Amino acid sequence: MRRSSTFARQVLLVRVGRRDGDPRPGTDLVLPERLVDRQRRRYGFDRFGRAGIGYERAEFEAIMPVSPAVAPTAPVDESSAMSIPLLPGERTPARRMKFALVNACTLASLMLGINAIFVAMNGQARLAALLLIACVVFDGLDGALARKLGVASPFGAQMDSLADMCSFGLAAPVVVYASLAGSAPTPAAAVAAALVAACAAIRLARFNVSPKDGRFFCGVPTTMAAAVLALTVAIGLPLPATVQIAGVALLAFAMVSSFPYAKLARLVKLPPWLWLAPVVGALVDIRLTFALVVVGYLVSGPLLWLHQRRTA
């Protein structure tokens, strides 16, 4: 037992003082030659050759376990850390100027939305509504210019989405809340405005990750919803406060609905006589005509949805 334990201690001995395989004198344990011969004869090392203490040490090192604590490090791909250009394609001075012009329109929409919030906080709801209408104009202008000038980019799409959230997801509810102040209960007006903001955020996020359809929108777009709210405040529809709050909530839910709504490009292609009726009606009573057009557009979504289900 004593001999076995002695040999076990020899196996578990760890040499100290070596770094990077460079031995230092005086740090290795030197066993007596008599004990080495005895252990060699006892455990059969003689049949492999009498190589002395160096051979035994090599055998012990061969069976020593390797610590898995430090995993091998994979090489870092430095090419992935390169910055992605904001403007894809050829980066000539002319294309950069076009790219800057398009993003300037997006920033103009953003700044107008911020100022609409400030103006609405001062109690000037109609002026804030006019600023929102200007936001709608610039929002449509940046997309049209990007396609026409050939400088559409993922960066521009993200910028447009963020500007839409500020102008149509935040400024429009603030303008609506300011217009309902004093005529509607404050909690009800606050809930309706918050509902518009939440549905606008959901609508924009869904639009960013959904496949695009060239014919129809999936739900009422935030730009059109903000335009309807702004025009309602600007022309001052003589509706009871309860009806206005219900209309705001209905418009908010229409944004996150799955009903197909025709895009403006398809509406422009309608027969001219269909456009003549709203023009004549606007000359007679602009408020009533506007209300009928909005209701007709909101109802067109469920009707198109039913038509598609029947023909499918």
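Since we're looking at a predicted model, the values are computed, not measured. (Residues numbered from 1 in each chain as written. Predicted model: local features only at pLDDT ≥ 70, side-chain atom pairs only at ≥ 80, totals over all residues. Heavy atoms only, no water.)

Trainee: Please give an account of the packing of helix α6 (residues 154–180) against helix α8 (residues 222–235) that cites residues and values.
Mentor: Between α6 and α8, the shortest axis-to-axis distance is 10 Å and the interhelical angle comes to 25°. Viewed along their axes, α6 and α8 adopt a mutual orientation that is roughly parallel. Crossing angle aside, the handedness with which α6 passes α8 is left-handed. Along the contact surface, α6 presents Asp164, Phe168, Ala172, Val175, Val176 and Ser179, while α8 presents Thr222, Thr223, Ala226, Leu229 and Val233. A class-by-class count of the residues in the contact of α6 with α8 yields 7 nonpolar, 3 polar and 1 charged. (Axes fitted to C-alpha atoms, helices over the stretch in contact; angles between N-to-C directions. Helix = DSSP H or I, 4+ residues; strand = E, 2+ residues; numbered from the N terminus. Parallel < 35°, antiparallel > 145°, perpendicular 65-115°, else oblique. Left-handed = near helix turned anticlockwise from the far one by under 90°. Contact = heavy atoms within 4.5 Å. Nonpolar A, V, L, I, M, F, W, Y, C, P; charged D, E, K, R; others polar.)

Trainee: Can you tell me about the nonpolar core, naming the residues and giving the values?
Mentor: Among the nonpolar cores identified, the biggest contains 48 residues, and Leu132, Val175, Val220, Leu229, Met255, Tyr261 and Leu298 are the most heavily contacted of them. Elements supplying a minimum of two residues to this core: α4 (93–121), α5 (125–149), α6, α7 (186–209), α8, α9 (241–255) and α12 (286–311). Here this core takes 8 residues from α8, the largest share from any one element. With near-sequence residues (within four places) excluded, Tyr261 lies in contact with Arg215, Phe216, Phe217, Gly219, Val220, Ala254, Tyr297, Leu298, Ser300, Gly301 and Pro302. Grouped together as the second largest cluster of nonpolar side chains are 7 residues, Leu87, Phe99, Cys105 and Ala146 included. (Core = buried A, V, L, I, M, F, W, Y, C linked by side-chain atoms within 4.5 Å. Buried < 20%, exposed > 50% of the residue type's maximum accessible area, 1.4 Å probe, protein only.)

Trainee: How would you sum up the environment of Val136? Please name residues and give values.
Mentor: Mapping Val136 onto the fold places it in helix α5. For the pair Val136 and Leu112, spaced 24 residues apart in sequence, the C-alpha separation works out to 9.8 Å. In this structure Val136 touches Phe168, Thr223 and Ala227, once residues within four positions along its chain are discounted.

Trainee: I'd love a proper account of the side chain of Asn103, names of residues and values included.
Mentor: Mapped onto the elements, Asn103 comes out in helix α4. Here Phe99 takes part through its backbone oxygen, which lies 2.8 Å from a polar atom of the side chain of Asn103. Sequence-distant contacts of Asn103, that is, excluding residues within four places in its chain, are made with Phe155, Gly156 and Met159. (Polar contact = N/O pair within 3.5 Å; in protein donor to acceptor, adjacent residues only side chain to side chain.)

Trainee: Give a detailed account of the packing of α4 against α6, specifying residues and quantitative values.
Mentor: Two numbers describe how α4 lies on α6: the axes approach to 8 Å, and their chain directions differ by 20°. As judged from the angle between their axes, α4 and α6 are roughly parallel. As for how α4 packs across α6, the hand of that crossing is left-handed. For the pair α4 and α6, contact is made by Phe99, Asn103, Thr106, Leu107, Ser109, Leu110, Gly113, Ile114, Ala116, Ile117 and Ala120 and by Phe155, Gly156, Met159, Asp160, Ala163, Cys166, Ser167, Leu170, Ala171, Val174, Val175 and Ala178, respectively. When its residues are assigned to classes, the contact of α4 with α6 shows 16 nonpolar, 6 polar and 1 charged.

Trainee: Please provide a residue-by-residue account of α6, values included.
Mentor: With 27 residues, α6 extends 38 Å from end C-alpha to end C-alpha; this agrees with the ideal 39 Å at 1.5 Å per step. Bending of α6 peaks at approximately 30° at the position of Ala171, with proline Pro173 no more than four residues after it. Directly after α6, the chain includes Gly182, whose backbone phi takes a positive value near 95°. (Expected span 1.5 Å × (residues − 1). Bend = angle between axes of the 7 residues up to and from the residue.)

Trainee: Would you mind going over the environment of Met111 in detail, with residue names and values included?
Mentor: Locating Met111 in the fold gives a position in helix α4. Counting along the chain gives 24 residues from Met111 to Cys135, while the straight-line C-alpha distance between them is 8.6 Å.

Trainee: Describe the packing of aromatic side chains, naming the residues involved and giving the relevant values.
Mentor: Across all of its chains, the model carries 3 aromatic pairs by this definition. Summarising the aromatic geometry, the rings of Phe99 and Phe155 are spaced 6.0 Å apart at their centres and angled 40° between planes, so their arrangement reads as tilted. Of the two residues, Phe99 sits in helix α4 while Phe155 sits in helix α6, which places them 56 residues apart along the sequence. Take Phe99: its relative accessible area is 12%, and that puts it in the buried class. Among the residues examined, Phe155 registers a relative accessible area of 30% and is labelled partly exposed. On the basis of an interplanar angle of 35° and a centroid distance of 5.2 Å, the ring pair of Tyr261 and Tyr297 is categorised as tilted. Separated by 36 residues along the polypeptide, Tyr261 in strand β2 (residues 260–262) and Tyr297 in helix α12 bring together distant segments of the chain. For Tyr297, a relative accessible area of 14% translates into the label buried. Geometry around Phe217 places Lys263 over its ring, the cationic atom sitting 5.2 Å from the centre. (Phe/Tyr/Trp six-rings, centres within 6.5 Å; stacked < 30°, edge-to-face > 60°. Lys NZ or Arg CZ within 6 Å of the ring centre and 35° of its normal.)

In short, shape yes, function no, at least from these values alone.
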